Each structure stands twice: as C-alpha cells, then as structure tokens.
Amino acid sequence: MSDERTPLRLGILLSGRGSNFQAIAASIREGRLKGVEIAIVISNVDGAAGLTIARELELPTAVFISRGRRRGEHDADVADCLRAHRVELVCLAGYMRLLSPEFIAAFPNRIINIHPSLLPAFPGLDAQRQGFDYGVKVAGCTVHFVDEDLDHGAIILQRAIPVLETDDAHSLAERILVEEHIAYSEAIARVASGEWEIRGRRYIRRDAPGADARVNHC
C-alpha cells in the first residue's frame, strides 16, 4: 500500500481524548513508526480533547457533528473529507459511533480499530469490565479490520497480559491501555509494509505457505 517514498496516509477518527491517536502520533514523530503520516484527524464531537492535541501538533483537523444527523448523511461527509485528504487507511481511535455499511464499503479492508479485549471474547462496550467480571485470567487488546459486524473483522494482532489478583476493573483497563498504545502502531506498521494479507479470517505474511490462495489483498 505504500513505499519509502510515499508514506501511507492515515485518517484518524476520534470522539474523545484520543490517547491511541496520541500514541500513534508519538510513534511517527519519534521514528518508531515509519512509512506513514497522519493526513487528517476527524471528530464527531466538537471540543474533543483529541482535536486540541492534533491542532497543537499542527495536524489538519475537521469536525462533523453527528448528533441529530442520520448516520448515512454524516458518514458521507466524513468519507468525502477522507478522500479529499487522500487517506489510504482509516484508524478508529476511540470513535464512539457505529459506521454505516456505505462508509465501510467505501474503504474496503482499509479501516482498522482497536478493542480492549482478546476478540472474539467480550465485544462491545466496557470490554475490560466484562472480562474482569467474567473472571478471565488473561486479558489484552485486539487490532482488527472493520467490517459490518461489531468487533468482527479479521484480526491484525493481539497483545495479552495476565490478570493480577490485585487488579480491579479500573487497574486492568489501565494496564490494557498501555498495551493498546503499543499494539496500534505495530498493527499500522504491518499494514503499511504491504507484506501481510487477509486470507480467510487470518492476516498473515504474503510469503507464508499457501500464498497462491491469497484473497482480499490489503
């Protein structure tokens, strides 16, 4: 999807503080995430803290208020903005809004999300507490492609941590967030490299056994 001369252009969608966006931006700025650049940061909430950070970093920003608008109309405006900024990969970073099927179809296998559980366990809201209340011994986070089903697309990578006996739901969520900040940049690097592909539900290296059967290239 990109090469050394042409950085992969990211579009960041956020609704709040955007801590994962900040981690991605820091990875790019510090040279740990190469071959990508942030083309635009978009929020559906005016005054989102993540927008303030983006402006301080002198990144392009846009706001499309979602409250009171039909999802399809709102998403069409966001998609037009992403296209105008030549975005190649859309990164959801605390974007608290379900995407319309039309939006997802406009960026096939080019939208990724991070979820604070080891999917397919505990999809949906408050996944950290779901896992804690269930009594899991291992928790973590998942970066995955977005499709029309909730927290369902092909998994790019996961990071796991043990659940400590001293944990509560809050401390577990904080420890998972540390892993999220690492995982998202690692996942973007995989996509940007062009060396990985979706094969069925697996995201694996193109030179892995069975490469002739590749499908859904990214």
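Look up: the structure comes first, before these words.
Residues numbered from 1 in each chain as written. Predicted model: local features only at pLDDT ≥ 70, side-chain atom pairs only at ≥ 80, totals over all residues. Heavy atoms only, no water.

## Re the overall build of the protein
On a plain count of helices and strands, the protein comes out with six helices and nine strands. Here the C-alpha radius of gyration of the protein, 17 Å, is about what a compact globule of 218 residues would show, namely 17 Å. Along the first, second and third principal axes, the C-alpha set of the protein runs to 50 × 45 × 35 Å. Within the protein, the proportion of its 218 residues that are buried is 49%. In the protein, the share of contacts with a sequence separation of at least 24, taken over all contacts with a separation of at least 6, comes to 59%. For the protein, the accessible surface area stands at approximately 11,100 Å², while carbon and sulfur atoms represent 51% of it. When the 26 positive and 30 negative side-chain charges of the protein are each reduced to one mean point, those points stand 2 Å apart. (Helix = DSSP H or I, 4+ residues; strand = E, 2+ residues; numbered from the N terminus. Rg over C-alpha atoms; globule rule 2.2 N^0.38 Å. Buried < 20%, exposed > 50% of the residue type's maximum accessible area, 1.4 Å probe, protein only. Contact = heavy atoms within 4.5 Å. Areas by Shrake-Rupley, 256 points an atom, 1.4 Å probe, with all protein chains shown as cover. Lys, Arg positive; Asp, Glu negative; His and termini not counted. Charge placed at Lys NZ, Arg CZ, Asp CG, Glu CD.)

## Description of the environment of lysine 137
By secondary structure assignment, the location of lysine 137 is in the loop between helix H5 (127-134) and strand S6 (138-145). Filtering out sequence-adjacent residues up to four positions away, lysine 137 remains in contact with Ile161, Pro162 and Val163.

## Details of the sheet that holds strand S5 (residues 111-115)
Overall, mixed pairing links the seven strands, which are arranged S3-S2-S1-S4-S5-S6-S7 in an open sheet. Two strands in the sheet have a free side with no partner beyond their single neighbour: strand S3 (61-63) and strand S7 (155-162). Going from strand to strand, the sheet's axes swing by 20 degrees on average, the running direction of each strand aside. Both strand S1 (residues 8-14) and strand S2 (residues 36-43) contribute to a ladder of seven bridges, which runs parallel. Each bridged residue has a counterpart across the sheet, and for leucine 8 the counterpart in S2 is valine 36. In this fold helix H2 (residues 49-56) packs onto S1, S2 and S3, with an angle of close to 155 degrees to the strand it touches most, S3. (Pairing = 2+ DSSP bridges. Axes fitted to C-alpha atoms, helices over the stretch in contact; angles between N-to-C directions.)

## Let's talk about the state of the cysteines
By the definition in use, this model includes zero disulfides. Cysteine cysteine 81 remains unbridged, with the sulfur of cysteine 91 as its closest cysteine sulfur at 15 Å. (Disulfide = S-S within 2.5 Å.)

## A look at helix H6 (residues 169-193)
Between its first and last C-alpha, H6 extends 36 Å over 25 residues, near the 36 Å set by a 1.5 Å rise per residue. Its side-chain oxygen at 3.1 Å from the backbone nitrogen of histidine 170, aspartate 168 defines the N-terminal cap of H6. Looking one or two residues beyond H6, the residue adopting positive phi is glycine 194, at roughly 75 degrees. (Expected span 1.5 Å × (residues − 1). Polar contact = N/O pair within 3.5 Å; in protein donor to acceptor, adjacent residues only side chain to side chain.)

## Concerning the nonpolar core
Residues Phe21, Leu82 and Ile188 are the most contacted members of the largest nonpolar core, which totals 63 residues. Tallying contributions element by element places H6 first for this core, with eight residues. Excluding residues within four positions of it along the chain, phenylalanine 21 makes contact with Ile12, Leu14, Ile38, Val41, Gly50, Ile53, Ala54, Leu57, Leu59 and Ala93. (Core = buried A, V, L, I, M, F, W, Y, C linked by side-chain atoms within 4.5 Å.)

## Side note on H2
For H2, the complete set of buried residues consists of Gly50, Leu51 and Ala54. Considered in projection along H2, the buried side chains sweep an arc of 100 degrees and stay on one side of the axis. The inward-facing, buried residues of H2 abut S1, helix H1 (19-29), S2 and S3. Glutamate 58 occupies a position one or two residues after H2 and carries a positive phi of about 60 degrees. (Arc of directions from axis to C-beta.)

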